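Breakdown of the fold
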Amino acid sequence: MNAVSQVFALIAAAIHVIAWPLESFLYGHPRVRYLLTGSTADAPEVRLWRFNVGFYNLFLALGLAAGVTALHTGHGTSGRALVVYVCAFMLAGGIILFVSERRLWRVALAQAVPPAVVLLADLF
């Protein structure tokens, strides 16, 4: 897996690590809600869902970190497989987010573009 793919995998991981506390712990702040949803309106009934989604993002980031680590510790095939799978998962999630709520296009791009770069760069 080339250097461009690895750098963008780590960028994608960083984005998802940043999303984790925002969704899981800081969503109660109106500025965070606006950043993530474009609205300051709160929906307390989705607190548990938000908490879960935040950790989902953390685990995706850890999957990319594990894949890149595996690449550098002599486990190239399994590392590449892990990075490709997690990036495909992130890309698909970004596409679904955009299709389901187009006003969240910025968040969808942040979620989908870095893993798309990983997958495209890995082809070369």
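Scope of this entry: the structure provided in the associated data block. On a predicted model such as this, the values are computed, not experimentally measured, just so you know. Counting starts from 1 at the beginning of each chain's written sequence and moves along it residue by residue. Two thresholds apply to this predicted model, a pLDDT of at least 70 for residue-level local features and 80 or more for giving and counting side-chain atom pairs, whereas whole-chain, interface and lining totals are computed over all residues. Processing note: side-chain calculations cover all non-hydrogen atoms of the structure and skip hydrogens and water entirely.

To continue, consider the packing of helix α3 (residues 47-71) against helix α4 (residues 76-100). Every axis in this analysis is a line fitted to C-alpha atoms, fitted for helices over the stretch in contact. Angles between the N-to-C directions lie between 0 and 180 degrees. The way it works is that DSSP assigns letters per residue, a run of H or I at least four long becomes a helix, a run of E at least two long becomes a strand, and they are numbered from the N terminus. Viewed as axis vectors pointing N to C, α3 and α4 meet at an angle of 150°, and their least axial separation amounts to 7 Å. Our classification of the angle between α3 and α4 gives roughly antiparallel. At the point where α3 passes α4, the crossing takes the left-handed sense. Of α4, the residues touching α3 (which contributes Y56, L60, A61, G63, L64, A66, G67, V68, A70 and L71) are G76, G79, R80, L82, V83, V86, C87, F89 and M90. Residues of the contact of α3 with α4, tallied by class, amount to 14 nonpolar, four polar and one charged. Note that the term roughly parallel is reserved for angles under 35 degrees, roughly antiparallel for angles over 145, roughly perpendicular for angles of 65 to 115, and oblique for everything else. Two helices that cross are described as forming a left-handed crossing if the nearer one is turned anticlockwise from the farther one by less than a right angle, and a right-handed crossing if clockwise. What makes two residues a contact is simply this: any of their non-hydrogen atoms within 4.5 Å. Gly counts as polar in this scheme, as do all residues outside two lists: the nonpolar Ala, Val, Leu, Ile, Met, Phe, Trp, Tyr, Cys and Pro, and the charged Asp, Glu, Lys and Arg.

For the rest of this paragraph, the subject is the layout of surface pockets. Any residue with an atom within 4 Å of a point lines the site, the site being either a cavity, points on a 1 Å grid over the protein atoms alone where a 1.4 Å probe fits but cannot get out, or a pocket, an open set with protein on both sides within 12 Å along at least 5 of 7 lines. Grid points are joined across faces, edges and corners, and a volume is the space filled by probe spheres set on the points. One number sums up the size of the largest pocket: a volume of about 780 Å³. The set of elements that each furnish at least two residues to the lining of the largest pocket consists of α1 (3-24), α2 (30-37), α3, α4 and α5 (105-122). For the lining of the largest pocket, the per-class residue count stands at 20 nonpolar, five polar and four charged. By volume, the second largest pocket amounts to about 180 Å³. Forming the boundary of the second largest pocket are Y34, L35, L36, T37, G38, R103, L104, R106 and V107.

Here, patches come from residues exposed beyond 30% relative accessible area and free of salt bridges, joined within 9 Å for like charges and within 5 Å for nonpolar side chains (Val, Leu, Ile, Met, Phe, Trp, Tyr). Each accessible area is a Shrake-Rupley result for a 1.4 Å probe, and residues are judged covered by the shown protein chains and nothing else. Salt bridge, as used here, is a side-chain nitrogen of Lys or Arg placed within 4 Å of a carboxyl oxygen of Asp or Glu. Taken together, the side chains of I95, F98, V99, W105, L109 and V113 present a nonpolar region at the surface, about 530 Å² in accessible area. Mapped by element, the contributors of at least two residues to the nonpolar patch are α4 and α5. Using a relative accessible area of 45% as the deciding quantity, one classes I95 as partly exposed. Between buried and exposed lies partly exposed: a residue is buried under 20% and exposed over 50% of the maximum accessible area for its type, with that area taken using a 1.4 Å probe on protein chains only.

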